[in-house]
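Below are the chains, spelled out letter by letter.
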Amino acid sequence: MVRLSDVEAAAQRLASQVLETPCLESKTLSQVVGARVFLKFENLQFTASFKERGALNKLASLLESGATVPGVIAASAGNHAQGVAHHAQRLGLRAVIVMPRHTPVVKVERTRGFAAEVILHGDGFDEAREFALGLAGEQGLTFVHPFDDPAVIAGQGTIALEMLRQQPALDTLVIAVGGGGLISGIATVARALAPAVEVIGVQTRRFPAMFNAIKGTAHATGTNTIAEGIAVGVPGQLTRQLVAERVDDMMLVDEDDIEQAIVMLLEIEKTLVEGAGAAGLAALLMDPARFAGRNIGLVLCGGNIDPLLLSAILERGMVRAGRLARVRVSARDLPGVLARLTAIVAEAGANIDEVHHQRAFSALSAQNAEIEFVLQTRNRAHVDEVVGRICAAGFEARAY
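First, a word on scope: everything that follows refers to the structure included in this document. Predicted, not measured: the structure shown is a model, and the values here were computed from it.

Cut-offs applied
- Residues numbered from 1 in each chain as written.
- Predicted model: local features only at pLDDT ≥ 70, side-chain atom pairs only at ≥ 80, totals over all residues.
- Heavy atoms only, no water.
- Pairing = 2+ DSSP bridges.
- Helix = DSSP H or I, 4+ residues; strand = E, 2+ residues; numbered from the N terminus.
- Axes fitted to C-alpha atoms, helices over the stretch in contact; angles between N-to-C directions.
- Core = buried A, V, L, I, M, F, W, Y, C linked by side-chain atoms within 4.5 Å.
- Buried < 20%, exposed > 50% of the residue type's maximum accessible area, 1.4 Å probe, protein only.
- Contact = heavy atoms within 4.5 Å.
- Phe/Tyr/Trp six-rings, centres within 6.5 Å; stacked < 30°, edge-to-face > 60°.
- Lys NZ or Arg CZ within 6 Å of the ring centre and 35° of its normal.
- Arc of directions from axis to C-beta.
- Polar contact = N/O pair within 3.5 Å; in protein donor to acceptor, adjacent residues only side chain to side chain.
- 1 Å grid on protein atoms, 1.4 Å probe; cavity = no way out; pocket = protein on both sides within 12 Å on 5 of 7 lines; lining within 4 Å.
- Points joined across faces, edges and corners; volume = space filled by probe spheres on them.
- Nonpolar A, V, L, I, M, F, W, Y, C, P; charged D, E, K, R; others polar.
- Expected span 1.5 Å × (residues − 1).

1. Some words on the sheet that holds strand β2 (residues 36–40)
Either a parallel or an antiparallel arrangement is found when strands of a sheet pair, and the pairing is made through backbone hydrogen bonds. If you trace the 6 strands from one edge of the open sheet to the other, you get β1-β2-β10-β7-β8-β9, paired in mixed fashion. The strands lining the two open edges of the sheet, one partner per strand, are β1 (23–25) and β9 (249–253). Across this sheet, the average inter-strand angle for adjacent strands is 25°, counted without regard to direction.

2. A short note on the nonpolar core
Counting 74 residues, the largest nonpolar core has Leu173, Ile262 and Leu284 as its most contacted members. Leaving out residues up to four positions away in the same chain, isoleucine 262 has contacts with Ile226, Val273, Glu274, Gly275, Ala278, Ile305, Leu310 and Ile313. Core analysis: the next-biggest nonpolar cluster, separate from the first, contains 20 residues, Leu59, Leu62, Ala74 and Leu93 among them.

3. A word on the packing of aromatic side chains
Across all of its chains, the model carries 1 aromatic pair by this definition. Above the face of the tyrosine 400 ring, arginine 398 is positioned so that its terminal group lies 5.2 Å from the ring centre.

4. Some thoughts on the environment of histidine 121
The residue histidine 121 is located in the loop between β5 (117–120) and α6 (125–139) in this model. Histidine 121 gets classed as partly exposed once you look at its relative accessible area, which sits at 30%. For histidine 121, the contacting residues outside a window of four places in its chain are Val98, Met99, Pro100, Arg101, Glu127, Ala128 and Phe131.

5. Let's talk about helix α1 (residues 4–14)
In an α-helix, one turn spans 3.6 residues; hence positions three or four apart end up facing the same way. Every buried residue of α1 is listed here: Leu4, Val7, Ala10 and Leu14. The arc that holds the buried residues of α1, viewed along the axis, is 115°, so those residues lie on one side. Each element contacted by the buried residues of α1 is listed here: α3 (51–64), α7 (150–166) and α8 (181–193). Following α1 by one or two positions, serine 16 has its phi on the positive side, about 70°.

6. What about the side chain of threonine 204?
Note that threonine 204 resides in strand β8 (residues 198–204). Reaching out from threonine 204, the side chain makes a polar contact with the side chain of glutamate 255 at a distance of 2.9 Å. Ignoring anything within four residues of it in the chain, the contact list for threonine 204 reads Thr225, Ile230, Leu252, Val253, Glu255 and Ile258.

7. Some remarks on empty space enclosed by the protein
Tallied over the full model, the rule gives 1 cavity of 30 Å³ or more. Space inside the largest cavity adds up to approximately 300 Å³. The wall of the largest cavity is formed by 27 residues, among which Phe50, Lys51, Gly229, Ile230 and Val232 lie closest to the centre. Every element with two or more residues in the lining of the largest cavity is listed here: α4 (79–91) and α8. Among the residues forming the lining of the largest cavity, the class breakdown is 13 nonpolar, 11 polar and 3 charged.

8. Side note on α4
A rise of 1.5 Å per residue sets the reference length of α4, with its 13 residues, at 18 Å; its end C-alpha atoms lie 18 Å apart and thus fit the reference within 8%. Listing the buried residues of α4 in full gives Asn79, His80, Ala81, Gln82, Gly83, Val84, Ala85, His86, His87 and Ala88. Here the buried face of α4 lies against α3, β3 (72–75), β4 (95–99) and α5 (105–112). Just downstream of α4, glycine 92 is the residue with a positive phi angle, here 75°.

9. Remarks on the layout of surface pockets
Space inside the largest pocket adds up to approximately 450 Å³. Taken together, 19 residues line the largest pocket, and the ones lying closest to its centre are Asp123, Thr223, Asn224, Glu228 and Ala231. The biggest single contributor to the lining of the largest pocket is α6, with 3 residues.

10. Some details on the sheet that holds strand β12 (residues 351–358)
A sheet is described by the order of its strands in space; here 4 strands give the open sequence β12-β13-β11-β14, paired in antiparallel fashion. In the strand order of this sheet, the two ends are held by β12 and β14 (396–399), each with one partner. Adjacent strand axes in the sheet meet at a mean angle of 20°, parallel and antiparallel pairs treated alike. By the bridge criterion, 9 bridges tie strand β11 (residues 324–332) to strand β13 (residues 368–376) in an arrangement that is antiparallel. Paired with arginine 326 across the bridge in β13 is valine 374. With respect to the sheet, helix α16 (residues 380–392) is in contact with β11, β13 and β14, its orientation differing from that of β14 by roughly 170°.

Just distances and angles here, no functional claims.
In structure tokens, the structure reads:
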């Protein structure tokens, strides 16, 4: 089992090798959720993820043991891969990384940038892991597990050492869970140093493996999630035991909760996180009453998000906030009608992003046309105002 002394030893190995990231209160998020919210900015690590803590502790432990290490191999959707590759390069070790085929390109390229040998295999972490274990046996490489390893868990636990020292008022820690390495390390420290602190794990509803294992439920596993960093189909054996013993509760969040959290962190805190890094805040947004009045610590555990995915999430966030809207108008197909409509939209203070003018592909009569606008607006009330002005001018219009 992993103990506080293991985490403290890891902290000594990691000293000056990884960043001691800030843990700061977000005044605005605190107002939004009705609790004091403190953010641990692990997305500021060199590889933009907490994963390098556990990876470095494992590699340093191997070298300390005096054993011959021809090289290391890991399976990862990206962040563990970068952590292993970066510190293997620093320590002069060969690194082979097996990544699922659909890993975001940004993570693949960053891993290759650390001189690692990258192999894309399988549709998810579990298939990549099995392939990596086979290669480890064939080539005599040491497998560095992303979460089910005592040294890795101890390395991740150093986050809690820092958080509890930086913000001693914390009474609740809400932590993203994939395989369970991060929360196992954090809960180990919390139980030893601050047993009154409540530790709550958060998983995406599409990958509820640890939730099922701890709660005895049978929620189905999905095929994809925007939080690919915690998309683990089977939790670790060691982490499952540690979570059962040291974690107080588990929660599930939906994809739209995670999307909203990503957008809020970018807009409010000006910090970029990936889906897994937003899971903790997503839990607060989903159930603010549960956390009301508490001093909550969240770990922004990673910031490696695909730019195309980020673009889609931001656009969807604009739609939810009423800052991007589609308005469909039915009108007589006469000269000047489109110009009149665009003038009404402009007078209402909205900006036209796109216009689609349909004649053939419409259920309206042959004398009519269907015009669809994509508008940049201020909020939902502004959308209603624009639609009201169009209707007042004698047109049929609705937003959707």
